[in-house]
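Residue-level listing of the chains:
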Amino acid sequence: MRALYTSATGMQAQQFNLDVIANNLANVNTAGYKKASAQFQDLLYQNMRVPGALNGAGGQNPTGSQIGLGVTSGNTRPVLSQGTIQATGGEFDVAISGAGYLRVLLPDGTTAYTRDGGLTIDGTGKLVSQDGNPVQPEIVIPG
């Protein structure tokens, strides 16, 4: 039943691939979203014939043979290629061309990174992300 098990691992890996693609499609209109690609890994191989071992005819096997036991989904990796830059009409919106991220300060004091350039100003004049997280280093727009 090794063949059924091996094919089942392939079906599970393809389901993972479809899930990643569905997530990419669901986020196609999310500003700053970077699509992901699925990564896969081989499972162990089983030695069926060891090279140099004695065979039934009294000679030695000139080569060996292995049978793969399937595949597993590894992880996802973001695709960091440049997306399409679109004009939004927002007074403080920015676009990132090439590699790079905007650094923002989260409410718990940790730093996060985003490519969403939809920026606004808060009540104190600080430049903030759509979620209200201040851009770092802090930028204050005078009134």
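This report concerns the structure included in the present document. (Residues numbered from 1 in each chain as written. Predicted model: local features only at pLDDT ≥ 70, side-chain atom pairs only at ≥ 80, totals over all residues. Heavy atoms only, no water.)

Some remarks on the overall build of the protein
For the protein, the helix and strand inventory stands at 1 helix and 9 strands. Reading the protein from its N end, one meets helices and strands in the order α-β-β-β-β-β-β-β-β-β. Here the C-alpha atoms of the protein give a radius of gyration of 26 Å, more than 25% beyond the 15 Å that 2.2 N^0.38 yields for 143 residues. C-alpha atoms of the protein, sized along the principal axes, occupy 90 × 30 × 25 Å. When each of the 143 residues of the protein is scored for burial, the buried share is 17%. Taking contacts inside the protein between residues at least 6 apart in sequence as the whole, the part at least 24 apart equals 45%. Split by element, the accessible area of the protein, about 10,000 Å² in all, is 55% carbon and sulfur. If you average the places of the 8 positive and of the 9 negative side-chain charges in the protein, the two averages end up 18 Å apart. (Helix = DSSP H or I, 4+ residues; strand = E, 2+ residues; numbered from the N terminus. Rg over C-alpha atoms; globule rule 2.2 N^0.38 Å. Buried < 20%, exposed > 50% of the residue type's maximum accessible area, 1.4 Å probe, protein only. Contact = heavy atoms within 4.5 Å. Areas by Shrake-Rupley, 256 points an atom, 1.4 Å probe, with all protein chains shown as cover. Lys, Arg positive; Asp, Glu negative; His and termini not counted. Charge placed at Lys NZ, Arg CZ, Asp CG, Glu CD.)

Considering the nonpolar core
Core analysis: the biggest nonpolar cluster contains 5 residues, these being I96, L102, L119, L127 and V135. Apart from residues lying up to four places away in sequence, L127 is in contact with F92, L119, T120, I121, N133, P134, V135 and I139. (Core = buried A, V, L, I, M, F, W, Y, C linked by side-chain atoms within 4.5 Å.)

So, unusual backbone geometry
Leave glycine aside and you will find that most residues have negative phi; peptide bonds, for their part, are mostly trans. The omega torsion across Q136 and P137 is -5 degrees, close enough to zero to call that bond cis. Inspection of the secondary structure puts P137 in the segment after β9 (135-136).

Remarks on the pattern of salt bridges
As enumerated under the stated definition, the model contains 1 salt bridge in all. One salt bridge in this structure joins K126 and E138, with 3.7 Å as the shortest N-O distance. Of this pair, K126 sits in the loop between β7 (120-121) and β8 (127-128) while E138 sits in the segment after β9, placing them 12 residues apart in sequence. Taking the relative accessible area as the measure of exposure, K126 reaches 26% and is therefore partly exposed. (Salt bridge = Lys/Arg side-chain N within 4 Å of Asp/Glu carboxyl O.)

Quick notes on the side chain of K34
Mapping K34 onto the fold places it in the loop between α1 (2-26) and β1 (36-42). Buried K34, no salt bridge; nearest opposite-charge side chain is D116, N-O distance 12 Å. Among residues more than four places away in sequence, those in contact with K34 are V79, L80, S81, Q82, G83 and R115.

Describing the environment of A3
Along the chain, A3 falls in helix α1. Overall, A3 belongs to the exposed group, its relative accessible area being 63%. For the pair A3 and I67, spaced 64 residues apart in sequence, the C-alpha to C-alpha distance is 10.0 Å.

Considerations on the pairing of strand β5 (residues 102-105)
Taking every second residue as pointing to the same face, the buried face of β5 carries L102 and V104, while none of R103 and L105 on the other face is buried. Looking at chain direction, β5 and strand β6 (residues 111-114) are connected through 4 bridges and run antiparallel. If you follow V104 over to β6, its bridge partner there is A112. What sits between the antiparallel neighbours β5 and β6 is a turn of 5 residues, in which G109 has the positive phi angle 90 degrees. Inspection of the sheet shows β5 paired to β9 by 2 bridges, in the antiparallel sense. Considered in β9, the bridge of R103 is made with Q136. (Pairing = 2+ DSSP bridges.)

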